[in-house]
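As a plain string of letters, each chain reads:
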Amino acid sequence: MSIELILRHQIVQAIETCYDQKIDQTLVQFQITRKEFEGDLTLVVFPFVRMSKKSPEQTAIEIGNYLQQNVAEVEKYNVVKGFLNLVITADYWISVLNSASSVSDFGITKPGESSKLVMVEYSSPNTNKPLHLGHIRNNLLGFSLSEIMKANGYKVVKTNIVNDRGIHICKSMYAWKMWGKDQTPENTGIKGDHLVGNFYVRFDQEYKKEIAQLIEQGETKENAEQNAPSMLGAREMLLKWEAKDPETVELWKTMNKWVYKGFDVTYKALGVDFDKIYYESETYLYGKDEVLRGLDEGVFYQKEDSSVWADLTAEGLDQKILLRSDGTSVYMTQDIGTAKERFQDYRINKMIYVVGNEQNYHFQVLSILLDKLGFEFGKGLHHFSYGMVELPQGKMKSREGTVVDADDLMAEMVEVSRKTSEELGKLEGYTPEQAAETYTMIALGALKYFMLKVDPKKNMLFNPEESIDFNGNTGPFIQYTYARIRSVLRKADERGIQLNHQIEAGTPAGIKELHLIKLISQFPVAVKEAGDSYSPALVANYIYELVKEFNQFYHECPILIEENNEIRNLRLVMAETIGKTIKTGMKLLGIDVPERM
RNA sequence: GUCUCGGUAGCUCAGCUGGAUAGAGCAACGGCCUUCUAAGCCGUAGGUCCUGGGUUCGAAUCCCAGCCGGGAUACCA
């Protein structure tokens, strides 16, 4: 049982004994004692003043006395104003270190047979352009969230729904057919997703030219947009595709194949993967039956033009269209279909959609509609809504080319990482392959940590002018600390020092050691909170705090060269446990840590 | 118009289930490599926590109003 739980219980007892009042455990609020005061845990006594009918100081002293007498782990206490600072015995903290160091998966709750199944949908790209920085955030969040859910004892299915059909891909197809028919990834050497993306941009350029021309000829802007030859061409392609025209379907397959091959490279570089991939071209017709059933059951209604609608005014929202007057589906219809499909394919207990906050409204409506259709899981959907990545000029737009490309960004960072490693002479003695593996790991560590350390729900700013840092609160800083710990442990091994993992009670641990052990003990708490609140940032922030604290310790206290064997052993075991915690924590963020750097 | 998210140091962000003197990193300035990895450590400087009310023993944190910014808002996904 953790010290917090023991104390919580005992404090309730103390109030009952001293003041003859029964209180709820939730009234007991603890915090970690601030550095400038002596103690480990602090009880705020103000809430109890009303019961004691005494001054805060007097109340604190009485509760402190009770705890000191009745709780073995409480060594002593002091009172500052209304704050009761409790000093926990060193032996308790040593026992905490012992239990943390003795297990291989400290802080992790492994899923078992009866664990709940969570499906996490993330990435979900369009197949008309390569992935950019916004997708990177999505992918990293989705992957990390999946790892964090697993670490909280859930079974997880990672899924990706590929948006492989629609007018956007037809635009690329049309442009290719018109202005680049001879080009392939093979004969141009351009990565498939980039090649297709180039045609998407080309389409937009030509389209704009045509609009300008039509307006000059006296057309209204609206007419010009509707009747520009390119747009007509793309629309025609969409109709042909839906009619399963062989030539169009063939072109569609070919170009999508190029894109998938490109995506695979990017996904692999990012270190993300999926257990199940859905393709919208296969699922986009699914929702229609459900909507028609809803219409039969009177959940939805039909307008005179025979379009089908949901009335959400009772929920404080508007009317929402579900089937167009020609009977075709909209985005919402498809999502109803895919949701049903997924719950049929898997016994999902919870569905999490990792999708940007611009779609908050969509998912709010989706949840309500599924509920109205009688699906139990409707209310259980969770939209993991994250903020946009903005550039100094504002939002990224693929069509206008104002995007930070995922592949380019990674390549640049690997290059910076390589140069830095070489300048610092860190990887001497490594083979070129080992060196490349390490500096790539560092580059990705920098990128991933940069993206994941900020609160997912907030918009974040990325300035391409200032490359992502490798110093300070960064991935490489944490990786560096890990490598440093490994180095010390390697040297200990070389010198024939055997670690004794069962540290004996009474080992003289200093304030610095105790503080670090306290931090180690918080790791499982951080993992749980990250899972409960769906926030990888909490794990990132925790690791940073631990690492920063360890580096201070490292500079102040010798580990390997400490002369007292007992203390040296304590510090080595502590360092090893911190290393293990860093590795586990970073794994939750999808970041690897190097043995050397 | 309505809904929603945000506003904390020059910049990027923590802290937000109310608690002690609001913290990091970057950028600036000054120190520390003959001792376990200097991608590190120490120090200096930098704040009307958007504004105004309210609740409270106590508010960056909760409530209300306003200002500024992002996003959504019935047939693009």
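Just above sits the structure.
Residues numbered from 1 in each chain as written. Chains lettered and ligands numbered in written order. Predicted model: local features only at pLDDT ≥ 70, side-chain atom pairs only at ≥ 80, totals over all residues. Heavy atoms only, no water.

A. Here's a closer look at the protein's contact with RNA strand B. Around RNA strand B, the surrounding shell holds 65 residues, and the nearest of these are N163, R324, K426, Y480 and Y554. Backbone atoms, meaning sugar and phosphate, make up 61% of the atoms of RNA strand B lying within 4 Å of the protein. With respect to RNA strand B, the side chain of R34 contributes an N or O atom lying 2.8 Å from a phosphate oxygen. Between RNA strand B and H555 there is a distance of 2.8 Å, counted from a sugar or linking oxygen to a side-chain nitrogen or oxygen. Where the surface near RNA strand B is concerned, the elements lending two or more residues are β2 (41-44), β4 (83-88), β10 (319-323), α14 (331-345), α16 (406-423), β14 (460-461), α18 (475-494) and α21 (536-556). Residues that form the surface near RNA strand B fall into these classes: 29 nonpolar, 19 polar and 17 charged. (Near = heavy atom within 4 Å. Polar contact = N/O pair within 3.5 Å; in protein donor to acceptor, adjacent residues only side chain to side chain. Helix = DSSP H or I, 4+ residues; strand = E, 2+ residues; numbered from the N terminus. Nonpolar A, V, L, I, M, F, W, Y, C, P; charged D, E, K, R; others polar.)

B. View of the side chain of S52. Checked against the element boundaries, S52 lands in helix α2 (residues 49-52). Of the residues examined, S52 reaches a relative accessible area of 7% and is grouped as buried. Looking at S52, its side chain comes within polar contact range of the main-chain oxygen of V49, at 3.2 Å. Residue contacts for S52: discarding those within four places in its chain leaves Y19 and T59. (Buried < 20%, exposed > 50% of the residue type's maximum accessible area, 1.4 Å probe, protein only. Contact = heavy atoms within 4.5 Å.)

C. Region of the structure containing the environment of I591. Within the element layout of this structure, I591 appears in the segment after α22 (565-588). Those residues within four positions of I591 in sequence are excluded, and the remaining contacts are G445, K448, Y449, Q479 and M586.

D. The arrangement of the nonpolar core in detail. Grouped together as the largest cluster of nonpolar side chains are 148 residues, with contacts concentrated most on L7, F48, I63, L67 and I582. Once you skip the residues sitting within four places of it in the chain, I582 turns out to touch I478, T481, Y482, I485, I543, L546, V547 and V593. By size, the runner-up hydrophobic cluster in this structure holds 32 residues, among which are M119, A339, L366 and I368. (Core = buried A, V, L, I, M, F, W, Y, C linked by side-chain atoms within 4.5 Å.)

E. Broad picture of the pairing of strand β5 (residues 117-121). Among the 5 residues in β5, 5 count as buried, and that is most of the element. Every second residue of β5 is oriented toward a common face, with L117, M119 and E121 on one face and V118 and V120 on the other, all of them buried. Pairing analysis gives 5 bridges linking β5 to strand β6 (residues 155-162), with the strands arranged parallel. Counted as the bridge partner of L117 is K155 from β6. Regarding the hand of the β-α-β motif, the stretch spanning β5, helix α5 (residues 133-151) and β6 is right-handed. Where β5 and strand β11 (residues 350-356) come together, 4 bridges link them in parallel fashion. Considered in β11, the bridge of V120 is made with I352. (Pairing = 2+ DSSP bridges. Right-handed = clockwise from strand over helix to strand, strands pointing away.)

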